[in-house]
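The lines below spell out each chain.
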Amino acid sequence: MEYFLQQLINGLTLGSIYGLIAIGYTMVYGIIGMINFAHGDIFMVSAFIGLIAIILLGIVGTTSVFVIILALLLVLVIAMVLTSAWGWTVERMAYRPLRTSFRLAPLITAIGMSIVLQNFVQITQGARVKPLQPIISGGYVLMEKDGFVVNLSNIQIIIVVVTVALMAAFSLIIALTPLGRAQRACEQDRKMAALVGVNVDRTISLTFVVGAALAAVAGVMYLLYYGVIDFYIGFVAGVKAFTAAVLGGIGSLPGAMLGGMLIGLIETFWSAYFTVEYKDVAAFSILAIVLIFLPSGLLGRPEVEKV
Amino acid sequence: MAASQPAAERLTDSLKDAVVAAVIALALFSGLIGIRTTADVGGLGLNFRWELLAAAVATVFAGRFLLNVFVWRTDKPVTRLFSGPMPKIPGLDKLGVIAGPIMLIAAFMLPVISWNFFGQQNRYIMDLAILVMTYIMLGWGLNIVVGLAGLLDLGYVAFYAVGAYSYALLSTKFFPLMVELGYAGPGIMDWAFWVSLPLAGILAAFWGIILGFPVLRLRGDYLAIVTLAFGEIIRIVLLNWYEFTGGPDGLSRIPRPSFFGIPFSRGEGGFADFFGLGYSPMHRIIFLFYLILILALITNFVTMRLRRLPIGRAWEALREDEIACRALGINTRNTKLTAFAIGAMFGGFAGSFFATRQGFISPESFVFMESALILAIVVLGGLGSQIGVVIAAVVMIGGFEIFRDLAEYRMLVFGLLMVSIMVWRPRGLISSRNPSVYLKERKAVGAEHVAEGRG
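How each quantity is defined
- Residues numbered from 1 in each chain as written.
- Chains lettered and ligands numbered in written order.
- Predicted model: local features only at pLDDT ≥ 70, side-chain atom pairs only at ≥ 80, totals over all residues.
- Heavy atoms only, no water.
- Helix = DSSP H or I, 4+ residues; strand = E, 2+ residues; numbered from the N terminus.
- Buried < 20%, exposed > 50% of the residue type's maximum accessible area, 1.4 Å probe, protein only.
- Areas by Shrake-Rupley, 256 points an atom, 1.4 Å probe, with all protein chains shown as cover.
- Rg over C-alpha atoms; globule rule 2.2 N^0.38 Å.
- Contact = heavy atoms within 4.5 Å.
- Phe/Tyr/Trp six-rings, centres within 6.5 Å; stacked < 30°, edge-to-face > 60°.
- Lys NZ or Arg CZ within 6 Å of the ring centre and 35° of its normal.
- Buried area = accessible area lost by both parts, 1.4 Å probe.
- Salt bridge = Lys/Arg side-chain N within 4 Å of Asp/Glu carboxyl O.
- Nonpolar A, V, L, I, M, F, W, Y, C, P; charged D, E, K, R; others polar.
- Axes fitted to C-alpha atoms, helices over the stretch in contact; angles between N-to-C directions.
- Parallel < 35°, antiparallel > 145°, perpendicular 65-115°, else oblique.
- Left-handed = near helix turned anticlockwise from the far one by under 90°.
- pLDDT = per-residue confidence, 0-100.
- Pairing = 2+ DSSP bridges.
- Expected span 1.5 Å × (residues − 1).
- Polar contact = N/O pair within 3.5 Å; in protein donor to acceptor, adjacent residues only side chain to side chain.

Chemist: When you look at the overall build of chain B in this model, what are you seeing that I'm missing?
Modeler: Across its full length, chain B carries 18 helices and two strands. Looking at the 455 residues of chain B, the share that counts as buried comes to 51%. Carbon and sulfur atoms make up 68% of the accessible area of chain B, which totals about 21,100 Å².

Below, the structure is given as structure tokens:
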């Protein structure tokens with residue numbers, strides 16, 4: 001039971017990170033119907049930006065809680081802004097010119113972009129893993145029995161709280177603001193939205209920006225939680241987040257979050273109770289199984305094929 | 001529109017646009033180029049490289065400005081014109097007719113030329129030629145799936161791996177066991193490659209069907225991700241199933257191929273002895289070259305023939321418009337499955353050739369990058385074009401070899417090329433293949449516009 005509880009906590013933390021990345025996939029898929037293969041690498045870039053910002057601000061080793069919170073907020077803002085710029089640039093360079101092209105073209109450029117980002121970071125930051133000392137330490141002991149301690153660390157609390165808060169804020173943006181309205185309009189019918197005066201290109205760009213900003217939060221959280229990053233983390237995290245988006249029903253925002261949580265839990269429990277080596281196989285198999293038997297996901301709408 | 005605009009205004013606009021681009025570049029690069037994290041003794045340190053950042057931003061500024069002024073020449077210099085269909089170079093359409101036979105002759109003559117004129121370099125050139133031929137074969141195999149049937153397969157390397165491991169396991173474990181148990185004579189070891197080759201192909205095709213059967217209902221991009229997932233699953237299994245595949249250590253001492261039963265060994269009964277030649281290790285290399293050349297040509301021949309059969313026509317129709325295909329009563333799933341299986345089979349052949357050439361295989365040879373590389377060869381060569389694959393493979397693998405010292409940068413350039421060529425000419429750089437049959441004359445609208453929104 002204690003073991004189970006601990007895994008549950010770990011799984012929810014990991015799931016929050018996947019959920020934040022998955023939103024980027026699901027929004028982009030919803031609006032232009034393509035898989036933004038480079039999104040995982042945007043997440044990786046954000047983790048690096050976060051790392052550089054943390055070292056630049058010199059908060060490693062600081063003990064004052066107030067300073068740490070302030071500095072981390074600053075890091076988060078820096079990472080979000082710079083990562084958004086990356087997201088915008090990728091869309092502008094690789095996807096916008098191909099908007100009217102055949103369907104596979106943007107997917108191929110997305111793979112190209114993913115290779116570019118990975119190798120760019122590898123060249124500029126080096127191929128070796130970057131370890132970061134834990135910045136947020138401490139936590140609560142929830143239970144103790146037979147020497148097994150169930151821990152809830154501060155960083156886990158922060159990750160889940162930030163994720164839930166961002167999700168709420170984000171849902172409100174989509175539901176209430178003009179941007180959200182334009183976004184939903186484009187999702188339903190891009191041509192019609194353009195006819196009634198929605199700036200489609202701008203809306204799509206903003207979708208990428210918002211997606212990248214959320215991925216940046218995930219990247220910084222990942223960095224703080226695991227403390228180790230390298231240029232390759234984006235690939236696996238990206239595929240898993242995509243799996244989460246598909247599982248939750250692609251195009252659906254609550255679905256992305258739900259899918260993220262499920263994937264995080266499945267992966268954690270699989271590693272805990274079966275084998276660590278095959279945890280990726282478990283996640284990938286779920287992707288295949290969901291697509292085959294439940295193509296519209298848990299919360300998604302069935303797709304109507306238009307001729 | 002560009003001509004009517006005053007030159008001065010165009011220049012200022014270009015300059016403004018370039019400044020904006022430079023500012024964005026500054027934002028993008030400030031963290032990643034300007035500052036580098038270094039591993040110090042007491043944790044991570046930072047290394048500032050402002051001059052590099054300045055150089056990168058200046059490059060973006062200059063590049064954007066020059067492109068604006070000299071290439072795009074529009075009043076609002078955006079990528080609009082850049083994305084438009086470029087005029088086709090008329091000579092390229094006839095490329096296959098002329099260049100095909102020339103290249104074929106060159107390929108057959110290569111060992112002779114290399115033997116006579118490149119004394120010291122001979123071995124190196126032949127090794128490179130074998131590598132290029134392997135990728136040509138893989139490219140042709142994947143071309144059936146991606147180029148003809150329009151199914152984006154990101155896990156093609158899985159079938160390559162299946163072929164390689166099939167041969168390796170058959171020849172190092174299964175055949176010796178058969179000999180030991182008395183089910184086969186010891187002579188089978190000399191024929192190991194020739195017996196395994198068709199088996200490897202069949203196994204790969206079988207895997208293609210197993211993987212393809214459930215997923216081929218999916219639409220283009222879903223299919224791509226699922227094939228990618230399958231490719232990774234197969235790699236992870238190969239990596240972790242230690243007892244069977246040797247895990248990360250791989251399988252070694254895989255038997256070399258024989259000249260139809262005659263081994264390439266020194267002394268009595270060897271190839272050199274049998275034909276009365278002096279022994280040379282090059283004999284095997286040259287044999288391997290011709291072997292992969294023949295295998296690749298078989299792939300090509302089969303593809304060309306299939307393209308004229310109803311199934312090939314169905315593939316091309318499927319690529320152009322799936323819904324129309326279904327309306328016409330084509331069984332789309334079986335059509336896709338055939339393409340998938342046949343593509344996989346050729347991947348399997350290439351895989352077992354790879355295993356016998358290397359003598360050692362490990363999961364490291366079958367990573368996603370390999371799939372991406374093969375896909376890039378097909379895409380850059382022009383989806384569906386046979387001669388395009390050849391040129392793309394020669395340029396790409398040759399380029400990789402030339403820039404071997406710049407190992408890190410070549411992947412970056414490779415990715416950038418993939419993006420820019422796709423943006424510039426989505427149907428392929430070198431040539432493009434239109435469907436083999438049309439109803440009456442071509443429509444005025446290109447296929448890429450007809451197929452708007454679907455692959």
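Anyway, onward from the coordinates.
Chemist: What's the story with the overall build of chain A in this structure? I'm lost.
Modeler: Within chain A, the secondary structure is distributed over eleven helices and four strands. In terms of overall dimensions, chain A is globule-like: its C-alpha atoms have a radius of gyration of 19 Å, near the 19 Å expected for 307 residues. By its C-alpha atoms, chain A is 65 × 45 × 40 Å across when sized along the principal axes. A total of 307 residues make up chain A; the buried ones form 60% of that total. Of all intrachain contacts in chain A linking residues separated by at least 6 positions in sequence, the fraction that spans at least 24 positions is 77%. Total accessible area on chain A is roughly 12,100 Å²; 69% of this is exposed by carbon and sulfur atoms.

Chemist: Just to check I follow, could you spell out the packing of aromatic side chains for this structure?
Modeler: Aromatic rings considered in pairs are described by the distance between their centres and by the relative angle of their planes. Counting across every chain of the model gives 33 aromatic pairs over all chains. Seen in terms of ring centroids, Phe289 of chain B and Tyr290 of chain B are 5.7 Å apart; in terms of plane orientation they differ by 65°. Their pairing is edge-to-face. For Phe289 of chain B, a relative accessible area of 1% puts it in the buried group. Among the aromatic residues, ring-to-ring pairing joins Phe37, Phe231, Tyr232 and Phe235 of chain A together with Phe368 of chain B into one connected group. Arg333 of chain B extends its terminal NZ or CZ atom over the ring of Phe213 of chain B, reaching a point 4.8 Å from the ring centre.

Chemist: How should I be thinking about the interface of chain A and chain B in this particular structure?
Modeler: Accessible area lost when the parts come together is the quantity often used to give the size of an interface. At the junction of the two partners, chain A supplies 66 residues and chain B supplies 69 residues. When chain A packs against chain B, close to 6,200 Å² is buried across both sides, 74% of that on carbon and sulfur atoms. The interface formed by chain A and chain B holds zero salt bridges in total. For the side of chain A that touches chain B, the elements supplying multiple residues, two or more each, are helix H2 (39-57), helix H3 (65-95), helix H4 (104-125), strand E1 (130-131), helix H9 (233-248) and helix H11 (279-293) of chain A. Ranked by the residues each element gives to the side of chain A that touches chain B, the list is headed by H4 of chain A, at 17 residues. Counted by class, the side of chain A that touches chain B contains 45 nonpolar, 13 polar and eight charged residues.

Chemist: Could you clarify how one ought to interpret unusual backbone geometry in this entry?
Modeler: Glycine aside, residues mostly have negative phi, and peptide bonds are mostly found in the trans state. All names here are of chain B. We note that Arg253 has phi near 50°; this positive angle belongs to a residue other than glycine. Note on placement: Arg253 falls in the loop between helix H9 (242-245) and helix H10 (271-274). On the basis of relative accessibility, which here comes to 76%, the residue Arg253 falls in the exposed class.

Chemist: Whenever I open this one, the packing of H3 of chain A against helix H8 (residues 200-226) of chain A confuses me. Can you help?
Modeler: Residue and element names in this part refer to chain A. Two numbers describe how H3 lies on H8: the axes approach to 7 Å, and their chain directions differ by 135°. Between H3 and H8, the interaxial angle falls into the category oblique. Where H3 crosses over H8, the two elements pack in a sense that is right-handed. Taken together, the residues of H8 that come into contact with H3 (itself represented by Leu72, Val75, Leu76, Ala79, Met80, Thr83, Ser84, Gly87, Trp88, Glu91 and Tyr95) are Ile204, Ser205, Phe208, Val209, Ala212, Ala213, Ala216, Val217, Val220 and Leu224. Partitioned by chemical class, the residues of the contact of H3 with H8 number 16 nonpolar, four polar and one charged.

Chemist: Teacher, can you tell me more about the confidence of the model for chain A here?
Modeler: Detailed reading of the predicted coordinates is not advisable wherever pLDDT falls low. Averaged over chain A, the pLDDT score is 87; the fraction of residues at 70 or greater is 98%. When mean pLDDT is taken per element in chain A, H8 of chain A scores highest with 92 and strand E2 (residues 139-145) of chain A scores lowest with 78.

Chemist: Is there a simple way to think about the side chain of Thr303 of chain B in this case?
Modeler: Examined against the element boundaries, Thr303 of chain B turns out to sit in helix H11 (residues 282-308). When sequence neighbours within four positions are dropped, the list of residues in contact with Thr303 of chain B reads Ile144, Leu148 and Gln386 of chain B.

Chemist: Got a minute to help me understand the environment of Ile123 of chain A in this structure?
Modeler: Relative to the helices and strands, Ile123 of chain A resides in helix H4. Since its relative accessible area comes to 14%, Ile123 of chain A is described here as buried. Each C-alpha atom, one on Ile123 of chain A and one on Leu179 of chain A, is 37 Å from the other, the two residues being 56 residues apart in sequence. Excluding its chain neighbours within four sequence positions, the residues that come into contact with Ile123 of chain A are Arg36, Glu408, Tyr409 and Leu412 of chain B.

Chemist: Which parts of the structure should I look at to understand the pattern of salt bridges?
Modeler: Pairing between side chains of opposite charge can happen when their charged atoms approach one another. According to the stated counting rule, one finds 13 salt bridges over all chains in the structure shown. With a shortest N-O distance of 4.0 Å, Asp127 of chain B and Arg357 of chain B are connected by a salt bridge. Residue Asp127 of chain B is located in helix H5 (residues 122-148), and its partner Arg357 of chain B is located in helix H14 (residues 332-358); the two are separated by 230 residues in the primary sequence. On the basis of relative accessibility, which here comes to 23%, the residue Asp127 of chain B falls in the partly exposed class. Its relative accessible area of 17% is what places Arg357 of chain B among the buried residues. Each of the salt bridges in this network shares a partner with another, and the network as a whole consists of Glu91, Arg96, Arg99 and Asp201 of chain A.

Chemist: Can you walk me through the pairing of strand E3 (residues 148-153) of chain A in this structure?
Modeler: The side chains of a regular strand alternate between the sheet's two faces. Residue and element names in this part refer to chain A. Two elements, E2 and E3, share six bridges in a ladder whose sense is antiparallel. Residue pairing for E3: Glu144 is matched across the bridge by Val149. Where E2 folds back on E3, the antiparallel hairpin that results is connected by two residues, among which Asp146 adopts a positive phi of roughly 50°.

Chemist: I keep staring at the environment of Ser46 of chain A and nothing clicks. Help me out?
Modeler: All names here are of chain A. Mapped onto the fold, Ser46 is located in helix H2. Accessibility expressed as a relative area gives 0% for Ser46, which makes it buried. Taking C-alpha positions, Ser46 is 22 Å from Met34, a pair spaced twelve residues apart along the chain.

Chemist: I tried to follow the packing of helix H15 (residues 368-381) of chain B against helix H16 (residues 386-402) of chain B on my own but got confused; where do I start?
Modeler: The relative placement of two packed helices is expressed as an angle between their axes plus a distance between the axes. All names here are of chain B. The interhelical angle for the contact between H15 and H16, taken along N-to-C directions, is 130°, at an axis separation of 8 Å. Between H15 and H16, the angle is such that the two are oblique. Here H15 runs over H16; the crossing is right-handed. Two secondary-structure elements touch here, H15 through Leu373, Ala376, Ile377, Val378, Leu380 and Gly381 and H16 through Gly388, Val389, Ala392, Ala393, Met396, Ile397 and Phe400. Partitioning the contact of H15 with H16 into residue classes produces eleven nonpolar, two polar and no charged.

Chemist: Mind showing me how you'd approach the confidence of the model for chain B here?
Modeler: For chain B, per-residue confidence averages 81 on the pLDDT scale, and 85% of positions sit at 70 or higher. Low pLDDT (under 50) marks residues 75-87 of chain B, which in the prediction has 25 contacts with non-local residues, meaning those over four places away or in another chain.

Chemist: When you look at the environment of Leu214 of chain A in this model, what are you seeing that I'm missing?
Modeler: Residues and elements named next belong to chain A. Assignment of secondary structure puts Leu214 in helix H8. Judged by its relative accessible area of 5%, Leu214 is buried. Once the C-alpha coordinates of Leu214 and Lys279 are considered, the two residues, 65 residues apart in sequence, prove to be 25 Å apart. Setting aside chain neighbours within four positions, we find Leu214 in contact with Leu20, Ile23, Leu166 and Phe170.

Chemist: Help me understand helix H10 (residues 253-273) of chain A, please; the structure alone is not making it clear to me.
Modeler: Given a rise of 1.5 Å per residue, 21 residues ought to cover 30 Å, and the 30 Å separating the end C-alpha atoms of H10 of chain A matches this to within 8%. A side-chain oxygen of the first residue of H10 of chain A lies 3.0 Å from the backbone nitrogen of Gly255 of chain A; this N-cap is Ser252 of chain A.

Chemist: I tried to follow the side chain of Ser205 of chain A on my own but got confused; where do I start?
Modeler: Residues and elements named next belong to chain A. Within the secondary structure layout, Ser205 lies in helix H8. Overall, the relative accessible area of 5% leaves Ser205 in the buried class. Beyond its immediate stretch of four places on either side in the chain, Ser205 contacts Trp88, Glu91 and Arg96.

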